[in-house]
Amino acid sequence: MVNNDREYLVGMIVGGISNEFSQEIIKGAINAIPKGSNVKMVILPGELMREGFMGDDVMHYHNLYNSTYNMGSLGNLDGLIIAMGSMGWQYQRSELLDFLKQFDGIKTVLIASDFEGYTNVNYDNKSGISETIDCLVNMYGCTNIGMIGGYERNMDSERRRMIFKKCLEENHLEFDENLYAASDMSVNSEEAARKLLDNNPELQAVFCVNDASAVGLYNVLEERGLRAGRDIYVFGFDNTHMAAEMTPTLSSIGAESVTLGQKAMEVVLAKINGQKVDSVNIPTRLYGRESLRYDKYDYSLSDLSFMNRELIDMMFEDCFYRYSNSYINDEDVNIKRLFSEIFGRMFAGLRRRYVGIEEFETISRMIDIFFDNGALEYTDVWKFLTSVTRLQNGINKKQHLVENVYINRLFLRMKDDAIRSLSKMRIDEQHEKIQFRSRLRQFLIKNMNDNLSCKDSINEIMKALTIFNVNNAALYMFEKPMSDKEVHERKYPDHMLLKGVIREGEFYRISEGKQNRKLQDIYIQRVNKSSNVAFISFPLFYNDIFFGFLICELTDDIYEKGDLIANITSLAINKAYNNASAE
C-alpha cells in the first residue's frame, strides 16, 4: 500500500461528468480507494468531441473547455487515469499519441485503449457478447440480429463490431453489412436506428454498442408502435444506471465483478507503489432485463436443503450487483449481511416448517431497515421484483404448508417496500429539480449588482455558490486572464490567486497577501481537503478569455449540475470584469 506518511493525488481525465459512462468510471475509481488511506482524487473533465456537432461555436467551446486536460501534467499528480474511450471523438490516432506524451513521467493507466507501451484497462468484450448472442440464438431462436455501432476511431466500437460478427459466425449465422448501422454512440442515434430497421424489416434483435445509443433506438421503436422485449430484443453495453431506468428496462452487458474504474485505480496505485503491473481485461456478462429476459442463476427451488448461506450470497450478488463495487462507510448498515439474515431466517423457518408471529415481525422489521437504508441504489426494481417473484413461486410450488402464509406476506412486504422506495426516490428527484431552479434564480439575482468592484463581485459570486449546496470549494484565478491562444500554447503562469474558499458551506475570503499559490500545487492545497476523497476541477472561461478554475468537492449534485454551475460562474466573472473595464 502507498506510504501513509504523505498524501497521494491521483488525477482522472474524462470526457465530461454528466454522461453515464464517465460517472460509472469515476464512481468505480473512488470506490477502489482504500479506506483510511491518504489517497485523494481530482477529476479533470472535458467535453465529448464530435466533428461538425452543432457548428464551429460549439467546437470552439469544447476545445477551450478541454484545456483542463493540461492540468494532468501541470498539477503535481502522483498518478493519472485517462478514460480514452470517453474523450477521443475527433482525434486521429497520431494526435492521441501526441496528447499522451505530455504525461510522460506520470504513473498513467488508460481506460478503453490499446496503445502499446501503456498500461491499459479494458472490458473483455468477447465474454459478454458471446453469452448474449448464444442466448438469442439457442434460447430465443433468433436468426436475424443487427447492430447499432459507433464511429471508426473508437477502439471499443470497432472491437465490439468484430466480436459481434465473429459470434454470429460461430452460431452459423452470416454477417451482412445491412445488419450494421454506425452511430455517434450518443442518445442521438435515431438516424442509425431508422437505417437498421428500414434495411431489415424482419429484424429480431439489436445489439447497441453502448447503453446511450439504445435511447435513439427506443425512440424509433416507439414511433413505429414497437416495443423492446416484445417485438424486438434489444441489449446494450456498459450496464449503466441508465439501462435500469429506461422503459422498458434495457438488458446490458457489463463487468462481471470489478468495474473499469475500480480496476484502473487499483492498477495506478500499484504503479505508484512501484509494483510491476500488466494491462488488464475485465470479464463481462449479460444483465438481463425486460428488453431481453435472461437470468444467470436459477431461482426455482428443487430442494430447500440447498438454500444455504452460499446460495443466499449468490442471490445477493446477482440482484444487488452494484453493492460490491460501491464505497460503503463503516457506519452504514451492511446491506449484504442484512439480506443474508433475512433470507437465512426465512429458509430456516421453511425447513423446520414453522414461522411464528414473533419471528415474522422480526423479519418484517429487517426488511423495512433493508430498504430504508438504500438497498435499491445497488440494483434496479425490475430485477429485484422479478427475482423475488420467481423465488416465491418456486417455494409455493414446492410446499403448500401453513408457514407459507407468513412467508408470502414477507415477500409481499419486500415488494411493497421496493415500490415505496422507488416512489420516494422519484419524488425526491423531482423536488430537487424544483429546488435547483429556485437556487439558480437566487444566484442570478445576487449577481445583478453592477455597483460592486470587480474584487467584491468575485467574492459575492463565490459566496453565492453556497446556494447550490457547494459545501467545499476553492476559486483559483489567474492574476491576468489568459487568452485562448495562450491556453492552447500552454503558456500558463507559474502562480495563481486563491480568491476564496467554501468550507462546510461557509464562505471565507482570502486576504490579498495570502492569495498567491503555485500553479502546480492548486490540487494539493489544504483548502481543498474535506472528508470526501474526490474533487473536480472546472475550467472558468467566456468566449476567448480564460479566468481560472473552480475546484469543488465531488457530490451527487456536482455530477448532475456541475457543468451548469461552472458555466454561470464564468458568466458572472466575465460580467464583473466587463463592469470593471467600463468604470
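Bear in mind the structure is a predicted one, so any value in this text is a computation, not a measurement. (Residues numbered from 1 in each chain as written. Predicted model: local features only at pLDDT ≥ 70, side-chain atom pairs only at ≥ 80, totals over all residues. Heavy atoms only, no water.)

**Q** It is not clear to me how the packing of aromatic side chains should be interpreted in this structure. Could you clarify?
**A** Evaluated as defined, the whole model comprises 29 aromatic pairs. When the ring of Phe164 is compared with that of Phe207, the centres are 6.0 Å apart and the planes differ by 50°; the resulting orientation is tilted. Taken as a pair, Phe164 in helix H6 (residues 155–170) and Phe207 in strand E8 (residues 205–208) lie far apart in primary sequence, 43 residues in all. Taken together, a centroid distance of 5.9 Å and an interplanar angle of 45° make the contact between Phe478 and Phe546 tilted. Taken together, the positions of Phe478 in strand E13 (residues 473–483) and Phe546 in strand E18 (residues 545–553) put the pair 68 residues apart, joining distant regions of the chain. Like Phe546, Phe478 is buried. Among the aromatic residues, those joined into a cluster by ring pairs are Phe316, Phe320, Tyr323, Phe339, Phe343, Phe347, Phe370, Phe371, Tyr378, Phe384 and Phe411. The ring of Tyr287 carries Arg285 above its face, with NZ or CZ at 4.1 Å from the centroid. The ring of Tyr508 is capped by Arg503, whose NZ or CZ atom sits 5.8 Å from the centre of that ring. (Phe/Tyr/Trp six-rings, centres within 6.5 Å; stacked < 30°, edge-to-face > 60°. Helix = DSSP H or I, 4+ residues; strand = E, 2+ residues; numbered from the N terminus. Buried < 20%, exposed > 50% of the residue type's maximum accessible area, 1.4 Å probe, protein only. Lys NZ or Arg CZ within 6 Å of the ring centre and 35° of its normal.)

**Q** Help me understand the environment of Ile524, please; the structure alone is not making it clear to me.
**A** Position of Ile524 among the secondary structure elements: in the loop between strand E16 (516–518) and strand E17 (534–542). Sequence-wise, Ile524 and Tyr8 are 516 residues apart; in three dimensions their C-alpha atoms are separated by 8.9 Å.

**Q** Teacher, can you tell me more about the packing of helix H1 (residues 20–31) against helix H10 (residues 260–272) here?
**A** Between two packed helices, the angle of one axis relative to the other and the distance separating the axes together describe the packing. Interaxial distance between H1 and H10 falls to 6 Å at its minimum, and their mutual angle equals 45°. Judged on the interaxial angle alone, H10 and H1 are oblique. The handedness of the crossing between H1 and H10 comes out as right-handed. Mapping the contact onto sequence places Phe21, Ile25, Gly28 and Ala29 in H1 and Leu260, Gly261, Gln262 and Met265 in H10. Considered class by class, the residues forming the contact of H1 with H10 number five nonpolar, three polar and no charged. (Axes fitted to C-alpha atoms, helices over the stretch in contact; angles between N-to-C directions. Parallel < 35°, antiparallel > 145°, perpendicular 65-115°, else oblique. Left-handed = near helix turned anticlockwise from the far one by under 90°. Contact = heavy atoms within 4.5 Å. Nonpolar A, V, L, I, M, F, W, Y, C, P; charged D, E, K, R; others polar.)

**Q** Looking at this model, I keep getting lost on the pairing of E8. Mind explaining?
**A** Along E8, one buried face is formed by Ala205 and Phe207 and the opposite face, lined by Val206 and Cys208, is buried too. In the sheet, strand E6 (residues 145–149) pairs with E8 via four bridges, with the strands oriented parallel. Looking at the pairing, Gly146 lines up with Val206 of E8. As paired strands, E8 and strand E9 (residues 233–237) are joined by three bridges and run parallel to one another. If you follow Val206 over to E9, its bridge partner there is Val234. (Pairing = 2+ DSSP bridges.)

**Q** What should I look at first to understand the pattern of salt bridges in this one?
**A** Pairing between side chains of opposite charge can happen when the charged atoms of each approach one another. Following the criterion strictly, the structure yields 26 salt bridges and no others. Residue Lys126 is joined to Glu170 by a salt bridge in which the shortest nitrogen-to-oxygen separation is 3.5 Å. Within this pair, whereas Lys126 is found in helix H5 (residues 125–138), its partner Glu170 is found in helix H6, the two being separated by 44 residues in sequence. Judged by relative accessible area, Lys126 falls into the partly exposed class, the value being 27%. For Glu170, a relative accessible area of 41% gives the class partly exposed. (Salt bridge = Lys/Arg side-chain N within 4 Å of Asp/Glu carboxyl O.)

Everything listed is a geometric property; what it means functionally is a separate question.
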